[in-house]
Amino acid sequence: MPLTVGLVIDDSLDRPDGVQQHVLTLGEWLSGQGHTVHYLTSTTVRTDRPRMHSLAKNLRLRFNGNRLGIPLPAPARGVEALLDQVDFDVLHVNMPYSPLLAGRVVSRARAGTTVVGTFHILPWTWLTRWGARGLGLVQRRQLRRFSQVIAVSTPAAAFAAEALGVDPVVIGNPVDVTRFTRARDAELDGWQPTEDAPVRIVFLGRLVERKGAGELLRAVARARSLTQVPVEVVIGGNGPLRDELEAFVRTAGLDGVEFIGFVDEADKAALLAGADVVALPSTGGESFGISVVEALAASRGVVLAGDNPGYRTVMEGLEDQLVDATDTEAFAALLARYVGDAAARTAASARQVEHAGRFDVDVIGAQVVEVYRR
């Protein structure tokens, strides 16, 4: 039986960040399965999805090393009008959530509406940890309204239990794996490797401290003394560290490093597919790794990821491709190993595609609907 589902996010859906990708990917899949999906957000202007309800304005700030929007109070009249108009079978709240938007939706939900949540974060700073705990104390009574909380990884589940006093079930983030494997297949179909071509190393992410672009560039500089194979480095993404990173490239005399800025969602798969090495050396604060799954599905080469709890969850079975990015010597040695061994990169790529399938939206979506119905 088709369901009417409200996907609730305190932030805007105009940005392609991790929680937004979760909501949009799951929502599109649910719609494709015949369910009616509403998006309950703050300050969202996109019009490419039906039933988009922007219930409040928001403020932009940085939290846990990310940018996010904090909603201003959602007017009660607008929330109540929507809940009167739409008979939701399920309200699916992305967590932690603000009492000013999602909290107001939950408190006004009809008695027959099932409320579930997905918990997304793993703290990178003490402020994040204590902020989530404080929010959990404030919301402890309202959390009883939730039939089930989902956590995107085992580490995130442990933190949700600690901060909110809930007992989550672990279901990873949904990824449209097929879109990325198609890009890989297209790349391999027309690709002819040559011995003298430089090895292409791709980084994709925000240029902030915890995402590890600086660690990658330091490792590349060190790896020059460990291998004679030429490399080119593509840094995809923007952020406050860009000027500092470009200055390091000049000072270190690193040739062949290109900063390409923001990468649109439509261009992401092709960029990853064309990489011999995808380096995603985040140092922490990751509850999952959507970008890692996308790279595993798309890259014709090897994916190297930061050894943090969230990425370790996604890379289970591929632990030899994890690295402590703050250990420049170890990172450089791992880069040099794969830069110098094309056969190892090809073998890794074949393993990775199968591995990424665990998080395909068809698999994850079915698990989420099972939670709804249960």
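From a predicted model like this one, the values you see are computed outputs, not experimental measurements. (Residues numbered from 1 in each chain as written. Predicted model: local features only at pLDDT ≥ 70, side-chain atom pairs only at ≥ 80, totals over all residues. Heavy atoms only, no water.)

A. Expanded view of the pattern of salt bridges. Summed over the entire model, instances satisfying the criterion amount to 19 salt bridges. Each of R179, E265, K268 and E294 takes part in salt bridges that share partners, so that together they form one network. (Salt bridge = Lys/Arg side-chain N within 4 Å of Asp/Glu carboxyl O.)

B. Highlighting the pairing of strand 13 (residues 277-280). Here strand 13 shows a buried face lined by V277 and A279 and a second buried face lined by V278 and L280. Taken together, the two bridges between strand 10 (residues 199-204) and strand 13 define a ladder with parallel strand orientation. Within the sheet, the bridge partner assigned to V202 lies in strand 13 and is V278. Direction of pairing for strand 13 relative to strand 14 (residues 302-306): parallel, over a ladder of four bridges. When the sheet's bridge partners are listed, A279 is paired in strand 14 with L304. Crossover handedness for the path strand 13 to helix 10 (residues 290-298) to strand 14: right-handed. (Buried < 20%, exposed > 50% of the residue type's maximum accessible area, 1.4 Å probe, protein only. Helix = DSSP H or I, 4+ residues; strand = E, 2+ residues; numbered from the N terminus. Pairing = 2+ DSSP bridges. Right-handed = clockwise from strand over helix to strand, strands pointing away.)

C. Representation of helix 13 (residues 342-356) in the model. With 15 residues, helix 13 extends 21 Å between its outermost C-alpha atoms, agreeing within 8% with the 21 Å of an ideal straight helix rising 1.5 Å per residue. Of the residues making up helix 13, those classed as buried are A344, R345, A348, S349, Q352, H355 and A356. Seen end-on, helix 13 carries its buried residues on one side only, within an arc spanning 140°. With respect to the buried face of helix 13, the exposed residues turned more than 90 degrees away are A343 and E354. Two to three positions downstream of the cap, the backbone nitrogen of A343 sits 3.3 Å from a side-chain oxygen, assigning the N-cap of helix 13 to D341. (Expected span 1.5 Å × (residues − 1). Arc of directions from axis to C-beta. Polar contact = N/O pair within 3.5 Å; in protein donor to acceptor, adjacent residues only side chain to side chain.)

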